[in-house]
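Now for the letters of each chain:
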Amino acid sequence: MLNRRTLIAAAGVALSCLAAIPAAAQETIKIGLILPMTGPFASTGRQVSAGAKTFMAMKGDTVAGKKIELVIRDDAGTADQTRRIAQELVVNDSAKVLAGFGLTPLAMAVAPVATQAKIPSVVMAAGTASITKASEYITRTSGTLPQYSLPVGTWAAANKIKKVVTLVSDYGPGIDAEKWFTKEFKAKGGEIVEAVRVPLANPDFAPFLQRVRDAKPDAVFVFLPSGAGSLFMKQFADRGLADAGIKLIATGDVTDDDILNSMGKPAIGTITGHFYATAHDSPENKAYVAAFKKANADMRPNFMSVGGFDGMALIYAALEKTKGDVTGPAFMAAVKGLSWTSPRGPVSIDPETRDIIQNIYIREVKDVNGELQNVEFQTFKDLKDPEKADAK
Ligand code: VNL
């Protein structure tokens, strides 16, 4: 029989249940990870998401008393999809942080959403310098093409290379790479004999490589987005450029560790500049590579995966600093000046630009015990993005 006491008790139980629901829901912070999981840049999506998951496998899924949930969405590498998914994640899924962004146009498409909704957005892959200027809610754990290209110019000028042809993908990061390699190489006495730009979509490098060959440079400096290096390397060999004595120098995007080992002999001797090599010798990287391979036995972690791993490291460190406050202004204030030891080496977030400050390594492709590796031999320490440093 229902008496007054049981009714009150029942109401009490109902109330505490009700109260428990929003409290529990508040404890989960959703991170919307938007990546090209299909299409021509699917390797980037695979690597970034594997790196982010490896971070959570190593460090757990709670920070500052909050549970972290990754929601991975595929934009197939199309900017209008990236923007639509970003809006859906914020409005329908209550995602509090957005992250990923495989290519520059995809990151740029999210900037207005980040600004309007005051949603912290972590660029884990794209590399055009201007991205972090598009919204004060954008920060980055990959790096910038000016950062990787300038040191290759320094190295080339110091190593008996006098004449260079540049060959880059004709969009943001390629234009940045061309500009900063050229600026540095010329300042150190080098000469650019030709600047070649190739289309981003479905490139056939053969006619462009013929132009490079005809210009008879000492070296060709190349930027292509991650994934495009295999076809380039094959055509470089087929067209006889190496036999003609033309040295290949590039950003590390071309000798990306995801595909490097399958490139074979033509890749050996290539000199590149970048922030991460699977072969980087440090305890942090050994632990990272082992944890990554445990979950992805068929993959080698490349620089994209480390952008994903460090994106999560940044999110966790910022939440620790704000004691779990994920609202835009508090989160972004916490991001500025963060520093940690990444698998790539020491990194920090520039408080003025929200871009990453990191070492850039000059590497040579070598056969190490039957596997091709980017072997680091020179370090440019704690580089800021030169594009923004220059603008000041
Ligand atoms: C970008 C830069 C994309 C470097 C990449 O691979 C890369 C970009 C997809 O900013 O679009 O390796």
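Thresholds applied
- Residues numbered from 1 in each chain as written.
- Predicted model: local features only at pLDDT ≥ 70, side-chain atom pairs only at ≥ 80, totals over all residues.
- Heavy atoms only, no water.
- Near = heavy atom within 4 Å.
- Polar contact = N/O pair within 3.5 Å; in protein donor to acceptor, adjacent residues only side chain to side chain.
- Areas by Shrake-Rupley, 256 points an atom, 1.4 Å probe, with all protein chains shown as cover.
- Nonpolar A, V, L, I, M, F, W, Y, C, P; charged D, E, K, R; others polar.
- Axes fitted to C-alpha atoms, helices over the stretch in contact; angles between N-to-C directions.
- Helix = DSSP H or I, 4+ residues; strand = E, 2+ residues; numbered from the N terminus.
- Parallel < 35°, antiparallel > 145°, perpendicular 65-115°, else oblique.
- Left-handed = near helix turned anticlockwise from the far one by under 90°.
- Contact = heavy atoms within 4.5 Å.
- Core = buried A, V, L, I, M, F, W, Y, C linked by side-chain atoms within 4.5 Å.
- Buried < 20%, exposed > 50% of the residue type's maximum accessible area, 1.4 Å probe, protein only.
- pLDDT = per-residue confidence, 0-100.
- UniProt positions renumbered as here; feature names shortened; annotations may be inferred.
- Salt bridge = Lys/Arg side-chain N within 4 Å of Asp/Glu carboxyl O.
- Arc of directions from axis to C-beta.

Student: What should I look at first to understand the site of the ligand in this one?
Tutor: In the vicinity of the ligand, 16 residues are found, and the nearest of them are Thr104, Gly127, Tyr171, Ser226 and Asp253. Between an oxygen atom of the ligand and a side-chain N or O atom of Thr104, the distance comes to 2.5 Å. Between an oxygen atom of the ligand and a main-chain N or O atom of Gly127, the distance comes to 2.8 Å. Contact with the protein chains hides 99% of the accessible area of the ligand, taken as 320 Å² for the molecule alone. When the residues that make up the shell around the ligand are grouped by side-chain class, the tally is nine nonpolar, six polar and one charged.

Student: Where do I start with the packing of helix H2 (residues 42–59) against helix H10 (residues 303–322) in this structure?
Tutor: Packing of H2 against H10 leaves a shortest axis separation of 6 Å and a crossing angle of 40°. By the angle between their axes, H2 is oblique relative to H10. Between H2 and H10 lies a crossing of right-handed hand. From H2, Thr44, Gln47, Val48, Gly51, Ala52, Thr54, Phe55, Met56, Met58 and Lys59 reach across to H10, where they touch Met304, Ser305, Gly308, Phe309, Met312, Ala313 and Tyr316. Counted by class, the contact of H2 with H10 contains 10 nonpolar, six polar and one charged residues.

Student: Any chance you could explain the nonpolar core here in plain terms?
Tutor: Counting residues in hydrophobic clusters, the biggest one holds 70 residues, and the most contacted among them are Ile68, Phe181, Ile249, Met312, Leu314, Ile315 and Phe331. For this core, the element with the most residues is H10, which contributes 11 residues. Discounting residues that sit within four places of it in the chain, Leu314 has contacts with Val122, Thr139, Thr141, Phe331, Val335, Leu338, Trp340 and Ile349. Counting 26 residues, the second-largest nonpolar core is a separate cluster that includes Leu167, Val198, Leu260 and Met263.

Student: Got a minute to help me understand the confidence of the model for the chain in this structure?
Tutor: Keep in mind that low pLDDT regions are not for reading the predicted coordinates in detail. Overall, the predicted model of the chain reaches an average pLDDT of 94, with 93% of residues at or above 70. When the elements of the chain are averaged for pLDDT, helix H1 (residues 4–26) gives the smallest value, 48, and strand E5 (residues 121–123) the largest, 99. Low pLDDT, under 50, characterises residues 10–26; the predicted model gives this stretch one contact beyond four residues in sequence or across chains.

Student: Mind showing me how you'd approach the packing of H2 against helix H9 (residues 283–295) here?
Tutor: Axes are the key here: two packed helices are described by the angle between their axes and the distance separating the axes. At a minimum axis distance of 9 Å, the contact between H2 and H9 shows a crossing angle of 105°. The angle between H2 and H9 falls in the class roughly perpendicular. Each of Gln47, Ala50, Gly51, Thr54 and Met58 in H2 lies in contact with H9, whose residues at this interface are Ala287, Tyr288, Ala291 and Phe292. For the contact of H2 with H9, the per-class residue count stands at six nonpolar, three polar and no charged.

Student: Whenever I open this one, unusual backbone geometry confuses me. Can you help?
Tutor: Among all residues save glycine, negative phi is the norm, and among peptide bonds the norm is trans. The backbone of Lys160 shows a phi angle near 65°, a positive value even though the residue is not glycine. Mapped onto the fold, Lys160 is located in the loop between helix H5 (145–157) and strand E7 (163–169). The phi torsion at Asn369 lies on the positive side, around 50°, for a residue other than glycine. In this structure, Asn369 sits in the loop between strand E14 (356–368) and strand E15 (371–383).

Student: Mind showing me how you'd approach the UniProt feature "domain: Leucine-binding protein" (unreviewed entry) in the chain here?
Tutor: As recorded in UniProt, the sites labelled "domain: Leucine-binding protein" (unreviewed entry) are residues 28–366. With 40% helix and 23% strand, residues 28–366 has its two end C-alpha atoms placed 45 Å apart.

Student: How should the pattern of salt bridges be read in this particular structure?
Tutor: When the charged atoms of two side chains lie near each other, side chains of opposite charge can form a pair. On inspection of all chains with the given rule, the structure shows 16 salt bridges. Note that Asp355 is salt-bridged to Lys388, the shortest N-O span being 2.5 Å. Placement of Asp355 in the loop between strand E13 (345–349) and E14 and of Lys388 in helix H12 (residues 386–391) is noted, with a sequence separation of 33 residues between them. The exposure class of Asp355 is buried, given its relative accessible area of 0%. Counted as one network, the salt bridges with shared partners bring together Arg140, Asp355, Asp385 and Lys388.

Student: Explanation requested: helix H11 (residues 328–335) in the structure shown.
Tutor: For an α-helix the count is 3.6 residues per turn, leaving residues at separations of three or four pointing the same way. Looking only at H11, the buried set comprises Gly328, Phe331, Met332, Ala334 and Val335. Viewed end-on, H11 has its buried residues packed into an arc of 160°, placing them on one side of the element. Those residues of H11 that are buried lie in contact with strand E4 (97–100), strand E6 (138–140), H10 and E13. Positive phi appears at Gly337, one or two residues downstream of H11, with a value of about 85°.

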